Amino acid sequence: TKTQVGTFVDGMFDLKMDLPTFKVHLRDFLIQLKEFSIEDNSGLYSEEQEMAARQIEEVAQAQRIAVPGILKPSEIDNDL
């Protein structure tokens, strides 16, 4: 509708908006469009999914490091 487009355009010119807020703003607008709901929108969340997977891997790595003997010698970082 006209109000949705107006809100979107006003948000696009908001100079205080950082990149993550901009992405959320753009994602919200695209999801509101009926034409967009037909297409595959999984790419909109790929960055957040990659970051979550990276954080899970870092936690798992920290747990493996905390237990002596779990890591292979080749996996141990000897940079002290």
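Each chain has its residues counted from 1, following the order in which its sequence is written. Residue-level local features of this predicted model are given only where pLDDT is at least 70; pairs of side-chain atoms are given and counted only at 80 or more, and the full residue set underlies all totals for whole chains, interfaces and linings. No hydrogens and no water enter the side-chain calculation; it runs on all heavy atoms of the structure.

Observations concerning the overall build of the protein
When its secondary structure is counted, the protein shows 3 helices and 0 strands. Written out in order from the N terminus, the α and β elements of the protein read α-α-α. By the burial criterion, 10% of the 80 residues in the protein qualify as buried. Numbering goes from the N terminus for both helices and strands, where a helix is a DSSP run of H or I of at least four residues and a strand is a run of E of at least two. Exposure is judged per residue with a 1.4 Å probe applied to protein chains only, and the accessible area is read against the type maximum: over 50% gives exposed, under 20% gives buried, and values in between give partly exposed.

Topic: the packing of helix 1 (residues 2-12) against helix 2 (residues 19-32)
Remark: helix 1 packs on helix 2, axes separated minimally by 10 Å, with the N-to-C direction vectors making an angle of 165 degrees. Of the possible angle classes, the one that applies to helix 1 and helix 2 is roughly antiparallel. Along this stretch, helix 1 crosses helix 2, giving a crossing that reads as left-handed. Taken together, the residues of helix 2 that come into contact with helix 1 (itself represented by Gln4, Val5, Thr7, Phe8, Gly11 and Met12) are Phe22, His25, Leu26, Phe29 and Gln32. Of the residues that constitute the contact of helix 1 with helix 2, the class distribution is 6 nonpolar, 5 polar and no charged. Note on definitions: angles span 0 to 180 degrees between N-to-C directions of axes, and those axes are lines fitted to C-alpha atoms, for helices only across the stretch in contact. Angle categories are assigned with fixed cut-offs, so that under 35 degrees is roughly parallel, over 145 is roughly antiparallel, 65 to 115 is roughly perpendicular, and the rest are oblique. The sense of a crossing depends on the near helix, which, turned anticlockwise from the far helix by less than a right angle, makes the crossing left-handed and, turned clockwise, makes it right-handed. For this analysis, residues touch if any pair of their heavy atoms sits within 4.5 Å. Each residue gets one label: Ala, Val, Leu, Ile, Met, Phe, Trp, Tyr, Cys and Pro are nonpolar, Asp, Glu, Lys and Arg are charged, and the others, such as Gly, are polar.

Structural notes on the side chain of histidine 25
Inspection of the secondary structure puts histidine 25 in helix 2. Of the residues examined, histidine 25 reaches a relative accessible area of 19% and is grouped as buried. Among all residues touching histidine 25, those that are not within four sequence positions of it are Thr7, Phe8, Gly11, Met12 and Met17.

Focus: the confidence of the model for the protein
Where the model shows low pLDDT, its predicted coordinates should not be examined in detail. What pLDDT reports is the predictor's confidence in each residue, on a scale of 0 through 100. In this model, the protein carries an average pLDDT of 79, and 84% of its residues clear a pLDDT of 70 or more. Across the protein, the secondary-structure element scoring lowest on mean pLDDT is helix 1, at 78, and the one scoring highest is helix 3 (residues 46-66), at 89.

Re a nonpolar patch on the surface
Judged by side-chain polarity, Val5, Val9, Met12 and Phe13 come together as a nonpolar surface patch covering roughly 370 Å² of accessible area. You can see valine 5 is positioned in helix 1. Put simply, a patch holds well-exposed residues, over 30% relative accessible area, that have no salt bridge, with like charges counted together within 9 Å and Val, Leu, Ile, Met, Phe, Trp or Tyr side chains within 5 Å. A 1.4 Å probe and the Shrake-Rupley method give the accessible areas. Residues count as covered only by the protein chains that appear here. Salt bridges are defined as contacts in which a side-chain nitrogen from Lys or Arg sits within 4 Å of a carboxyl oxygen from Asp or Glu.

Thoughts on the side chain of arginine 27
Examined against the element boundaries, arginine 27 turns out to sit in helix 2. Given a relative accessible area of 12%, arginine 27 falls into the buried group. Polar contacts involving the side chain of arginine 27 include one to the side chain of glutamate 48, which spans 2.8 Å. The contact partners of arginine 27, leaving out residues within four places of it in the chain, are Leu44, Tyr45 and Glu48. Counted as a polar contact is a pair of N or O atoms within 3.5 Å, where, for protein atoms, one must be capable of donating a hydrogen and the other of accepting one, and residues adjacent in sequence contribute only when both atoms are in side chains.

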